[in-house]
Structure formats: C-alpha cells, structure tokens
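# A structural walkthrough
Chain by chain, the residues:
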Amino acid sequence: MQNSAVFVPHFHWDREWYEPFQVFRHRLVTALDTVLETAEADPDFRFTVDGQMAAIEDYLEMRPENRDRVAALVAGGRLAIGPWLILLDEFLCSGETIVRNLQMGWAAAADLGGSMPIGYLPDMFGHVAQMPQILARAGFEHAALWRGVPGSVGGHAFRWRAPDGSEVRTEFLFDGYDNGLDVLLVPDQIGRALREYAEMTAERWGGDPVLAMAGTDHSAPDPRLATWLRRAAGEGRAITIATLDEYIREHVRDEVSTVVTGELRSHVRGNILPGVLSVRLRLKQRMAVAERTVDHAERVNALWSRRDDSPFLSLAWHKIIESSAHDSVVGSGTDETADQVEARLAEATHAARAVRDAALAEPAALVPSDGYLVVNPLPFPRTALVEVDVAAAPEGTVLVATAGDGSARPVQPTAQAPTVLGDERVDASQLERVLRRIHRRELFGRLIDHYELTPGSLVFHLAEVPSGGPFDLLILRREVAAAAAAHPGEWRVLTLQEARATALVPVDVPASGLASVRVAPGDRAAALSTTPATATARTLTNGLVQVEIAADGTLDVTGADGTVLRGAGRLVDGGDRGDSYNYAPPGQDVLVSEPVEVSVELLEDGPLRSRTRVTRVYEWPAALSSDRDRRSGRTVTTPVETLVEVRAGEPFVRVSTSFLNHSADHRLRFHVPLPEPVAVSASAGQFAVTERGLTAEGGWGEYPIPTFPASAFVSAGAATVLLDHATEYELVGDGSELAVTLLRAIGSISVNIHPLRDEPAAAEIPAPGAQDLGVRVESRFAILPSAAGWRGANAVALAEVFRNDVLVTRGTAPAGGHLPPDAAGLRVEGTDVLVSSIRRVGDAERGAGIEVRVAAMSDTGSTVRVTGAFTEATTVDLLGRPLSATPVADGLELALGPWEIRTVVVR
C-alpha cells in the first residue's frame, strides 16, 4: 500500500466545445484569476496549466496587467506552462502542424520564463505513432497521457517508442486526468479516501507515490485545497502538492520496463471516440486547404521572394493550430463553435494566400502578360497539367504552347467563352451612365482594346491583353457626349470580347522551381511525349491505368501491372443513430447500395485529360424514425455525380463525388472491393505509414469499431486510395473491401444512450448543422491499383503529386517578350521520402537560412540528397536548436534511418 501521494492541481481547458470560444474564455479568465490569487496567498500551492499556452495567451489578452504575476509564478516553479500552443487532435492535422504547435507553444512559454518539459497530452482521442520521436527530437524525455493506451500496460508508466526507435517515458493517467477529485469529495475525509484509493490501485504504483490529478474541465481548484491537504498530511499521510513536472522528476523512482511501440488507439482504458474522424466533413477539408496553402506560401516565399512575410505566416500557423484543438477540428462542438473554427481556418488560408500571391508576383514580373508563370511547390521535377485562359484558335488553326526553352507542347481546349458580354438598347441620354462602368481601362473584368463609335452605335472590343494603342477615358467621354447630342434617340451598346478559351497544357517544372508557358494559334499541333489520355462512352485510359464504367456506375480500374479493382466506387448508405463522437447503426438498419438510375456522359476525350461524369440516382431514407431504431420509410431522391478523370502520364484515376444532401442520420461510404481479402491495411499521416488489422482492442465501455484515420493515403492489398484530407476508413467484409467514409450526418453532440458507448461523451446538446442538410457534399481522391502495394506503387510521392497542384499566375511583363528560362529551387531526392516543410528561418548569429524537414516513410530508411544554391548546412532539432554542422560537397547527403525525421538549415 502506498504511504505517499502527490497532488497535482490543474484544470483541463477546452478552448471551445459545447460553448463557443469567447464564452469559454470568460470562464477561463475567472478561473485563472482564482489560480493566481490562490498561488500568491499560499506558498504550498502549485498549478499546471493543462500543457497548452493558448489558455495563457487568451487570459493575458484580457488581463495584460497580470503578465508579471504569471511570469513570477513560472520563475518560482509554482506555475507550469507549455509546452504546446494548443491540445490538438493528432490525427486530424498534418505532422508539420504538430511540430509547429510544439514550437509556438515552447516559444510562448519561454517569453514567460520557460516551458514544462513534459509532453502533456491528457485528453486527445488517441495518439499518433511518431509522437515519441517528435517529443524526443525536441529534447523531451517524458510524456503524460490518458486515452489509447493498450491493455498490456499494467503500471502507471511505460516507455513509448516511435517507429524509428525514439522513446519517451510516459506517465499513464489510467484513471483519467481527474482521478484526484474522488479523493477530495469530502474534505475532512481525504486521508481515508486516499488510503482506499491507494489500496484499490496499489498494483499500478509499485514503489512510486500515488499521482492524484486534482482538477477537471473548465474550473479552478478550490482555493482551500492546500489547507485540506495539509490537514490530511497531519493525519499521517505523506502528501505533497506539485506540478506535473515536479511529480515526474522529483518523486518517481521505479524503472519502467514495459514498452509500447507506435500509435495508441486502444479502447481498453478510455474512450477514443473515433466518430470524430468523419463528422463535419467541411472542417477536415478546410484544415487540409489551410495547411496546404501556408506550406506553399512558405516555400515560394523562402525560395522566390526578397520579402520576409514571416509575421503573416506566423498568423496563419497560429490560427491553424488553434483550430486543431481536440474539440475544434473534430467537429464535436455546437454549430456556432464549428462555424467559428471554419471561419478561423478560412482566415488562416487568406493570410497564407496573400503571402503566396505576393511571392509569386515577383517572378511573374519577368513573364510576358500573354504567358503564364508555373511554380512547382514540390521538391522534385514534374510534368503538370495547367488550365489557362487563352485566345481561341481561329478557324483553320490549332493552339500550341511554347515553353521557356522554345519547345512546343500540345494543347487541349476544354471550353469556349462567350464573345458577347453585353448587348443593350439605351437612350442617348443614358450613355454617360454606361461609361461609368469603365474603370480606367477595365470593363467587365477585361481591358478595352479599342472601340467603335458610329451614329446610334457604341461597340467595345475587350481583350485580356490589349493589342491596340493607348486608351484615354476622358477622350471617349467627350466623343460619346458629342455623338449623343448629335444623334438623340435609341443607341445600341455592344460589348464584345476576343474569342477566349480555356485550355490544358503540360508543363515541365523543375524541383521547387519556375517555368513559363505561352499559348497561341499555330499551324499544327505539337506531339505528346507520353501515351495520350483517351475516352469513349464508358472507357478511359492513358496506357498506365484504364477505367471501365460498369452498368451500375461502378468502376473497373486496371493498373499498369494488370491488377484489376472491380466494382470500385460502390456507394453504401446506412443509418447512423450515433452522435459527433461515435457512429452507431440503428437496430433495424437499411443499407442502400444500388442506384435506381444510372447515366454516363463523356466530357473530354483527351489527349491530355479524359473525363466522364457518372450520375447515379439513389433513394435514401429521409431520416431515422422517432424511436431512432429504424430508418424512415420516406425516401429522398438523391443524384450523386461522380467525375472520373484520367490524365496523361498518371498511374492513378482521379475521382470526385458530389451530391446535395437531403437526408439526416446517415453514413455514406465509398467502397473499393479488393481482388483478394486482406488482414492488414496501412494509412499515411503524421510522418508515418501505420499498419492496422481487422479489429481494435476494446474493454472500457466503447465498442471497438475498427474505423481508422488516414491523411495522405490508405492502402489495402492491391488498392491504394490517395486522399485530399484526413478521413476515416475501414476494412469490411472480412477484409474483402476497403470503405472510405464520405459523410456522417448526425444531429447531436452526444446522446445519453448510445449502443456502442456506455458513457455519454458530453451533454445531449442538439447540433443540427452536423446533419449537413441542404449542403453540397464534395469529396476528391484517387485510386491507384498495384499488386506491389503502396511501396511498390510509389504512393508516398504520388500522394504528394495528387494533393499539391502547381501554382499558376499570369505574367505581368509587357506582352510579346521572351519567356524567361526555367529556374530550379531546392531539389530533394530519395525513395519514400516526405518533405514536410521548406521555409525561411532567421538566426541572429548566422543570418537567414532555409529550413528543410524530411522524413523517411519506410522501415528501411532512405538516403536523401538535397541540392540547390547553398554552401553550408546545419542539423537542428525540432525546436530549431543547432545540433551539428553537416558536410556539404556538391549537395547535401543525409542517411536517414527507418522512419526518421530530420531537420536541416541550409545557407
């Protein structure tokens, strides 16, 4: 039996959840006011601020006068802050976002005296495999957490090992982060209650003192806590008040032998609430867009801009990280909370987009205005299809693209724009009002090339790039006024634009580099260097992948090695009587998988891109019945459009789905049947590819439904699905099909009686917005067939190609000039290597540099070669602190171990 106990006063603070951020902040200010007053009044009192600096930042924004009080308590070791900026959901953001979260939290804590060096992760819904490496490479030796720990852990601590072998000693909060509150329920009985608790949990502690976490959600400890504990200590108990850091570093003595490797997603000691992976789809999509936009902005700003826009980039990252909170992007809050998260992610995207566009404007100034600048955000060369607006080819000619090196490229016209933008009859007295539409030279989004003024007629000819002489609006007004006075009555005002078209062009772009292209009429089409993409009524092919559209609208996809995935894209819709945290089927479910009508429309037949639209009409039940145990007999006719696309040179088929959702309480999944059943799946995300089986470990009170997270791709047997954003998947039919969730529509944050979860996850608060009623639900992904699996199919690189389009902007130099030569930036070569960041960094001693973060995405490691305009390199840890100089000789060569994350700064 334990003779000692350490109480850790704290709170857990959800920044937003069943109330929006500002409502919770009002409570936060009151709670931290109490904490400061209690600590200053009682020298025995200690407090741990939940491991996240957002709570401190939010507080000091309202109480700036208390900054010195906070700093004094931090300096005295009585207030433990940091290391995170926010307590995140680790599976619903990128690995890079996790790193930036830690960096920004550590820096913010340093400004107030220093961070708690504990990777505190108390309430996340499971933990990613590479978290131990992230913590270790930031200098951490310890972590503390609750959810997801497997049943093999019998003590209060274990060694958590990442796939690369990195380890952190991890304190297991096996009874949650509020286990001390039960002991404190009756203040004058603390000694007895502590003795009983220690007896019940004795096998967990060994020779270490009991850790009593004295705190819960959204409230400060009672100011009398220290007094109560001193009184209990006087009754013969060895009781100490400490921060979490003090407990781990000063009171723990036992060696830890239990090792757990990889992700923590067991249900055995706590609910991990897997339904949050798929609820409120739009938040997951907005997170992916924001992360992608700020990543692109950092890369082009570092490599192609003379301007340091770090403040805007920091703002974007801060808002992304705030939104990654485990009750934010997960979508488990109220509708008003979800609206605020979506708006915050949009704001992050806007700030990053501004930096990106400003950086692109600099090299665009060297490209003629009748051409386009194409920028590759990826650090390896690629041939990318770009869609641009061009002058249409006159009859008898074709469009030809010219690259910066003078070579000709084929062009595929995709659409023709109308030439008549306005045809009006107005009285002569109203002509001056018509002229007010003109802003200097711009009219209807185009520029006035020239105009024709004859009695009773005014014709404007517009162009993207005017070929005529100068235009003077004051002269036009004078001429029109004179003509109107001379010819009263009705006038015709005709606004014409030059014949315009949109066209696809293949552009070879260097690694992290720039290319330019101009499209103009020519005598004959340029030859395509790869097998063309072609399409017939029900077949699309490009020599690497072929798609046959079956009668039921599903796809038979054949890969380059002959692998066939038959029936891909089968949609299965079922009822969902769960909540934002957990899926649950109704007792009498009705699955709808067969469409009542199928139509196929050929949209494009190559040679660069072939496209077909498949429309399947379904009759989905409108909702659940009033007892929520059956699906309604009333159905809603729902057409689902599937755009199937094959591009020249790509070994995968791009697929996007779109429908207007008019059904409630349901889950829709996209199925990919496998050639043979499998027992293992693998998904990529957060610096790792994680393998999982057909089951999950249960035992707490939550049914272990084997739905798992995926971010970049998910692979099972011969099928790999490349993903646009984080989502959930499951192997169904005893491993015979891969099912990816497209929508979970539910109407409550939590439900009290849940068939797959014993304990309510929150109050039963309505969340009608999570039904997505009246919302167009769109998803995009790609199907990559290969008998060699994700490794043999080069899925790591192809997922990056799929997720990261090239950036295209019109040139701004005078039209008709020479296109500039291509220019390369940083190039990173290596098999199964992920480059998660390329950004500008500053150093007071060594000056500006470019930070590059790479990860070996395999169990064999990789040799990475980095080339570019640099002459020195320094390896740094994940907080940016220098570790060692790295030799540079004709480029930088890095030998990465299996699953290793490495960060270098080149100058």
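Summarised in this report is the structure supplied together with it. (Residues numbered from 1 in each chain as written. Predicted model: local features only at pLDDT ≥ 70, side-chain atom pairs only at ≥ 80, totals over all residues. Heavy atoms only, no water.)

Each helix and strand in the chain was counted, giving 17 helices and 50 strands. Relative to the 2.2 N^0.38 estimate, which gives 29 Å for 907 residues, the radius of gyration of the chain is 31 Å and therefore close to what a compact globule would have. C-alpha atoms of the chain, sized along the principal axes, occupy 105 × 65 × 60 Å. Here the chain holds 907 residues, and 60% of them are scored as buried. Relative to all contacts within the chain whose residues are 6 or more apart in sequence, the contacts with residues 24 or more apart total 76%. For the chain, the accessible area works out to roughly 33,600 Å², and carbon and sulfur atoms hold 51% of it. The chain carries 85 positive and 121 negative side-chain charges, and their two centres are separated by 3 Å. (Helix = DSSP H or I, 4+ residues; strand = E, 2+ residues; numbered from the N terminus. Rg over C-alpha atoms; globule rule 2.2 N^0.38 Å. Buried < 20%, exposed > 50% of the residue type's maximum accessible area, 1.4 Å probe, protein only. Contact = heavy atoms within 4.5 Å. Areas by Shrake-Rupley, 256 points an atom, 1.4 Å probe, with all protein chains shown as cover. Lys, Arg positive; Asp, Glu negative; His and termini not counted. Charge placed at Lys NZ, Arg CZ, Asp CG, Glu CD.)

Quick look at the side chain of aspartate 389 now. For aspartate 389, the position within the fold is in strand S12 (residues 382-391). Of the polar contacts made by the side chain of aspartate 389, one reaches the side chain of arginine 500; its length is 2.7 Å. If we ignore the near neighbours within four places in the chain, the residues touching aspartate 389 are Tyr372, Arg446, Glu464, Arg500, Ala501, Thr502 and Arg810. (Polar contact = N/O pair within 3.5 Å; in protein donor to acceptor, adjacent residues only side chain to side chain.)

With the rule as written, the count across this model stands at 17 aromatic pairs. Aromatic side chains tryptophan 106 and phenylalanine 140 sit 5.5 Å apart centroid to centroid with 65° between the ring planes, which places their arrangement in the edge-to-face category. Taken together, the positions of tryptophan 106 in helix H4 (residues 95-110) and phenylalanine 140 in the loop between helix H5 (131-136) and strand S5 (142-145) put the pair 34 residues apart, joining distant regions of the chain. Ring plane angle 90° and centroid distance 6.2 Å describe the contact between tyrosine 451 and phenylalanine 471, whose orientation is recorded as edge-to-face. Of this pair, tyrosine 451 sits in strand S18 (residues 446-454) while phenylalanine 471 sits in the loop between strand S19 (457-463) and helix H15 (473-486), and the two are 20 residues apart along the sequence. Owing to a relative accessible area of 23%, tyrosine 451 belongs among the partly exposed residues under this scheme. Counting every residue linked through ring pairs, the aromatic cluster contains Phe11, Trp13, Phe45 and Phe47. In this structure, arginine 204 is placed above the aromatic ring of phenylalanine 174, and the distance from its NZ or CZ to the ring centre is 4.8 Å. (Phe/Tyr/Trp six-rings, centres within 6.5 Å; stacked < 30°, edge-to-face > 60°. Lys NZ or Arg CZ within 6 Å of the ring centre and 35° of its normal.)

What follows deals with the pattern of salt bridges. Summed over the entire model, instances satisfying the criterion amount to 71 salt bridges. Between arginine 161 and glutamate 167 there is a salt bridge; the shortest N-O distance is 2.4 Å. Across the pair arginine 791 and aspartate 859 runs a salt bridge whose closest N-O atoms are separated by 3.6 Å. Here arginine 791 is found in helix H16 (residues 789-792), whereas its partner aspartate 859 is found in the loop between strand S45 (849-856) and strand S46 (862-867), with 68 residues between them in sequence. Relative accessible area serves as the criterion here: at 36%, arginine 791 is assigned to the partly exposed category. (Salt bridge = Lys/Arg side-chain N within 4 Å of Asp/Glu carboxyl O.)

Right, let's talk about unusual backbone geometry for a bit. Across the junction of glycine 82 and proline 83, the peptide omega takes the value 10°, indicating a cis bond. Here proline 83 is to be found in the loop between strand S3 (79-80) and H4. Here the amide bond leading from glycine 606 into proline 607 is cis, since omega sits at 15°, within 30 degrees of zero. Unusually for a residue other than glycine, serine 512 sits at a positive phi of about 50°. Residue position: serine 512 is located in the loop between strand S21 (500-509) and strand S22 (514-522).

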